[in-house]
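What follows is the residue order along each chain.
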There are 2 protein chains.
Amino acid sequence: MSHATLIGLVAGALTTLSWLPQVLRAFRTHSTGDFSWGWFAMFGTGVAIWLIYGLVGDAPAVAATNALTFLLVLGLCALKVRHGRKV
Amino acid sequence: MSHATLIGLVAGALTTLSWLPQVLRAFRTHSTGDFSWGWFAMFGTGVAIWLIYGLVGDAPAVAATNALTFLLVLGLCALKVRHGRKV
């Protein structure tokens with residue numbers, strides 16, 4: 001594993017874990033008020049394109065981080081659809 | 001500019017702009033309740049390391065995006081220090 005990939009994985013872990021408390025709170029309280037559909041669309045699209053960037057640009061750290069983040073975003077989306085009323 | 005860099009810049013613009021509403025609201029209301037010090041430490045460190053990753057790994061899109069994001073985080077930090085009481 002190259003130094004750059006290692007650095008990227010550390011950075012990715014920090015930036016992804018930094019919004020885990022918000023995500024966990026949403027799952028615990030079934031309330032997705034913090035996350036507007038506009039935010040989902042923009043952030044989700046951005047993360048998806050970072051994933052493509054990571055794959056196309058042979059940047060495994062970027063790909064891995066954004067794959068995980070994308071899964072979190074999908075989970076939140078499902079939560080918002082199911083519990084939309086509580087926004 | 002390579003395709004990968006172009007893809008990265010689009011992704012970076014989306015993910016950075018996606019949390020601009022929260023940042024602008026904080027500046028407008030002088031309230032940084034959305035952003036805990038724990039989040040600042042983790043997210044700020046992660047973004048700084050992504051910046052290093054972008055420079056070390058010759059990934060200009062990653063470097064540019066995270067340089068901008070880091071400036072936003074610094075601005076929010078300054079706001080939180082000045083208006084901390086309103087949290």
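Residues numbered from 1 in each chain as written. Chains lettered and ligands numbered in written order. Predicted model: local features only at pLDDT ≥ 70, side-chain atom pairs only at ≥ 80, totals over all residues. Heavy atoms only, no water.

A.B. asks: Account for the packing of helix α3 (residues 37–56) of chain A against helix α1 (residues 3–18) of chain B, naming residues and giving values.
C.D. replies: For the pair α3 of chain A and α1 of chain B, the least separation of the axes is 8 Å and the interaxial angle reads 155°. It follows that α3 of chain A is roughly antiparallel to α1 of chain B by the angle criterion. Considering only the axes of α3 of chain A and α1 of chain B, their crossing is left-handed. Taken together, the residues of α1 of chain B that come into contact with α3 of chain A (itself represented by W39, M42, F43, T45, G46, V47, I49, W50, I52, Y53 and V56 of chain A) are A4, T5, I7, G8, V10, A11, G12, L14, T15, L17 and S18 of chain B. (Axes fitted to C-alpha atoms, helices over the stretch in contact; angles between N-to-C directions. Helix = DSSP H or I, 4+ residues; strand = E, 2+ residues; numbered from the N terminus. Parallel < 35°, antiparallel > 145°, perpendicular 65-115°, else oblique. Left-handed = near helix turned anticlockwise from the far one by under 90°. Contact = heavy atoms within 4.5 Å.)

A.B. asks: I'd like to hear about the packing of aromatic side chains, residue by residue, with values.
C.D. replies: Applying the stated rule across the entire model yields 17 aromatic pairs over all chains. When the ring of W37 of chain B is compared with that of F40 of chain B, the centres are 5.4 Å apart and the planes differ by 45°; the resulting orientation is tilted. With W37 of chain B and F40 of chain B both in helix α3 (residues 37–56) and three residues apart, the pair spans about one turn of that helix. Pairing W39 of chain B with F40 of chain B gives two aromatic rings, centres 5.5 Å apart and planes at 70°, and the pair type is edge-to-face. A residue is classified by how much of its surface remains accessible, and W39 of chain B, at 13% relative accessible area, is buried. Taken together, the ring pairs connect W19, F35, W37, W39, F40 and F43 of chain A into an aromatic cluster. The ring of W37 of chain B has K80 of chain B sitting right over it, with the charged end atom 5.5 Å from the ring centre. (Phe/Tyr/Trp six-rings, centres within 6.5 Å; stacked < 30°, edge-to-face > 60°. Buried < 20%, exposed > 50% of the residue type's maximum accessible area, 1.4 Å probe, protein only. Lys NZ or Arg CZ within 6 Å of the ring centre and 35° of its normal.)

A.B. asks: Would you mind going over the relation of the copies chain A and chain B in detail, with residue names and values included?
C.D. replies: Overlay of chain A on chain B (RMSD 0.0 Å): rotation 180°, translation along the axis 0.0 Å. Taken together, the rotation and translation describe the operation of a two-fold axis. Interface overlap between copies is the fraction of interface residues in one copy that are interface residues in the other; for chain A against chain B it reaches 100%, indicating a shared surface. (Least-squares fit on C-alpha atoms with pLDDT ≥ 70 in both.)

A.B. asks: Tell me about the interface of chain A and chain B, and name the residues and values.
C.D. replies: Each partner contributes residues to the interface: chain A has 28 residues there, and chain B has 28 residues. Where chain A abuts chain B, roughly 2300 Å² becomes buried across the two surfaces, and 81% of that area is made up of carbon and sulfur atoms. The tally of links between chain A and chain B comes to zero salt bridges. Applying the counting criterion to the chain A and chain B interface returns two residue pairs in polar contact (both at pLDDT 80 or more). Listed by contribution, the elements that provide at least two residues to the side of chain A that touches chain B are α1 (3–17), α3 and α4 (60–82) of chain A. (Buried area = accessible area lost by both parts, 1.4 Å probe. Salt bridge = Lys/Arg side-chain N within 4 Å of Asp/Glu carboxyl O. Polar contact = N/O pair within 3.5 Å; in protein donor to acceptor, adjacent residues only side chain to side chain.)

A.B. asks: Go over the UniProt feature "transmembrane region" (unreviewed entry) in chain A, please, and point to the residues and values.
C.D. replies: Residue and element names in this part refer to chain A. Within the UniProt annotation, "transmembrane region" (unreviewed entry) is assigned to residues 6–24, 36–56 and 62–81. End C-alpha to end C-alpha, residues 36–56 measures 30 Å, and it is 95% helix and 0% strand. A distance of 28 Å separates the end C-alpha atoms of residues 62–81, which is 100% helix and 0% strand. (UniProt positions renumbered as here; feature names shortened; annotations may be inferred.)

A.B. asks: Account for the packing of α1 of chain A against α4 of chain A, with residues named and values stated.
C.D. replies: Residues and elements named next belong to chain A. One way to put it is that α1 packs onto α4 with a least axis distance of 8 Å and a crossing angle of 20°. Relative to α4, the element α1 is oriented roughly parallel. Considering only the axes of α1 and α4, their crossing is right-handed. Across the interface between the two elements, T5, G8, L9, G12 and T16 from α1 touch P60, A61, A64, T65, L68, T69 and L72 from α4. Residues belonging to the contact of α1 with α4 are distributed by class as follows: six nonpolar, six polar and no charged. (Nonpolar A, V, L, I, M, F, W, Y, C, P; charged D, E, K, R; others polar.)

A.B. asks: So, helix α2 (residues 20–29) of chain A: which residues are in play, and what are the values?
C.D. replies: Since there are 3.6 residues in each turn of an α-helix, residues three or four apart along the chain are aligned in direction. Turning to α2 of chain A, its buried residues are Q22, V23 and A26 of chain A. Projected onto a plane normal to the axis of α2 of chain A, the buried residues spread over an arc of 100° and lie on a single side. Opposite the packed face of α2 of chain A, turned more than 90 degrees from it, sit the exposed residues P21 and R28 of chain A. Buried residues in α2 of chain A make contact with α4 of chain A together with α2 (20–29) of chain B. Residue H30 of chain A follows α2 of chain A closely and has a positive phi angle near 55°. (Arc of directions from axis to C-beta.)

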